[in-house]
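What follows is the residue order along each chain.
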Amino acid sequence: MKRILSADDDYERQMQTRAKENARRIRALILLLRFCGLRISDAVNLSTEQVAGSRLFLYTQKTGVPVHLVLPDVLLDALEHTPMASTRHWFWSGVGEL
């Protein structure tokens, strides 16, 4: 995990402004996958409506299973500093198919 996050830090330091925003999204996505154990499709579709305070609540897309978790501070901080891809989504615009 440390090596993955270190690689993301290196990427952010070396890239231009737009790539720096993407590096922040990558970091938040990595932490989301690490701490929540979500499928990638559920993680990239995460919307602001599914996070309330320090809690996450969603139904998985594949099986409809409810997921209700308390998010760690490191993940909340990463999401707070992640540029939004749309008004409701951190990782994609919410338009079209993934």
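Check the entry above for the structure.
Quick caveat, the model's predicted, so the values are computed rather than measured.

Each value, and the rule that gives it
- Every chain is numbered independently, its residues counted from 1 as its sequence is written.
- Local features are withheld for residues below a pLDDT of 70 in this predicted model, meaning they are given only at 70 or higher, and side-chain atom pairs are given and counted only at 80 or more; totals for whole chains, interfaces and linings count all residues.
- The side-chain numbers reported here are obtained from all heavy atoms of the structure, hydrogens and water having been left aside.
- Elements are defined by DSSP. Helices are runs of H or I of four residues or more, strands are runs of E of two residues or more, and each kind is numbered from the N terminus.
- Only the C-alpha atoms count toward the radius of gyration. The rule for a globule is 2.2 Å times the residue count to the power 0.38.
- Accessible area is worked out with a 1.4 Å probe on protein chains only. A residue is then buried under 20% of its type maximum, exposed over 50%, and partly exposed in between.
- Pairs of residues are marked as contacts when any of their non-hydrogen atoms sit within 4.5 Å.
- All accessibility values rest on the Shrake-Rupley procedure with a 1.4 Å probe; residue burial counts only the protein chains present in the view.
- The charged-residue count follows a simple rule in which Lys and Arg add positive charge and Asp and Glu add negative charge, with His and chain termini not counted at all.
- Here the site of a charge means atom NZ of a Lys, CZ of an Arg, CG of an Asp or CD of a Glu.
- What counts as a ring pair is set by centres within 6.5 Å for rings of Phe, Tyr and Trp (its six-membered ring), and what kind of pair is set by the plane angle: stacked under 30 degrees, edge-to-face over 60, tilted for all other angles.
- For a ring to carry a charge above it, either NZ of a lysine or CZ of an arginine must fall within 6 Å of the ring centroid while also lying within 35 degrees of the normal to the ring plane.
- When a carboxyl oxygen of Asp or Glu is within 4 Å of a side-chain nitrogen of Lys or Arg, the pair counts as a salt bridge.
- Following DSSP output, two strands are said to pair if at least two bridges run between them.

1. Quick look at the overall build of the protein chain
Reasoning step 1: Along the protein chain, the regular secondary structure elements total 4 helices and 3 strands.
Reasoning step 2: Its helices and strands taken in sequence order, the protein chain reads α-α-α-β-β-β-α from the N to the C terminus.
Reasoning step 3: Relative to the 2.2 N^0.38 estimate, which gives 13 Å for 98 residues, the radius of gyration of the protein chain is 13 Å and therefore close to what a compact globule would have.
Reasoning step 4: The dimensions of the protein chain, computed from C-alpha atoms along their principal axes, are 40 × 30 × 25 Å.
Reasoning step 5: Here the protein chain, with 98 residues, has 34% of them falling under the buried criterion.
Reasoning step 6: Taking as baseline every contact in the protein chain between residues at least 6 positions apart, the subset at least 24 positions apart corresponds to 45%.
Reasoning step 7: Carbon and sulfur atoms make up 53% of the accessible area of the protein chain, which totals about 6,300 Å².
Reasoning step 8: Of the side-chain charges in the protein chain, 13 are positive and 11 negative, and the distance between the mean point of each set is 5 Å.

2. Some points on the environment of L71
Reasoning step 1: Within the element layout of this structure, L71 appears in the loop between strand 3 (66–70) and helix 4 (73–80).
Reasoning step 2: Taking relative accessible area as the criterion, L71 reaches 3% and is therefore assigned buried.
Reasoning step 3: As a C-alpha pair, L71 and S6 span 65 residues in sequence and 22 Å in three-dimensional space.
Reasoning step 4: Filtering out sequence-adjacent residues up to four positions away, L71 remains in contact with C36, V51, S54, R55, L56 and L76.

3. Let's talk about the packing of aromatic side chains
Centre distance and the angle of the planes are the two values used to describe a pair of aromatic rings.
Reasoning step 1: For the structure on display, the rule yields 1 aromatic pair.
Reasoning step 2: Between F57 and Y59, the aromatic rings sit 5.2 Å apart at their centres with planes inclined by 80°, giving edge-to-face as the arrangement.
Reasoning step 3: Overall, the relative accessible area of 36% leaves F57 in the partly exposed class.
Reasoning step 4: In this arrangement the basic side chain of R34 is found over the ring face of F35, its NZ or CZ atom lying 4.7 Å from the centre.

4. Some words on the pattern of salt bridges
Reasoning step 1: As enumerated under the stated definition, the model contains 3 salt bridges in all.
Reasoning step 2: Close ionic contact of R27 with D9 constitutes a salt bridge, the shortest N to O distance being 2.9 Å. In this pair, R27 is assigned in helix 2 (residues 17–36) and D9 in helix 1 (residues 2–14), connecting sequence segments 18 residues apart.
Reasoning step 3: Among the residues examined, R27 registers a relative accessible area of 26% and is labelled partly exposed.
Reasoning step 4: Between R39 and D42 there is a salt bridge; the shortest N-O distance is 3.9 Å.
Reasoning step 5: Here R39 falls in the partly exposed class, since its relative accessible area comes to 37%.
Reasoning step 6: Accessibility expressed as a relative area gives 5% for D42, which makes it buried.

5. Side note on the sheet that holds strand 2 (residues 55–59)
The pairing of strands in a sheet happens through backbone hydrogen bonds and is either parallel or antiparallel.
Reasoning step 1: The antiparallel open sheet is built from 3 strands, whose spatial order is 1-2-3. Edge positions in the sheet fall to strand 1 (51–52) and strand 3, since each has one partner strand and no second.

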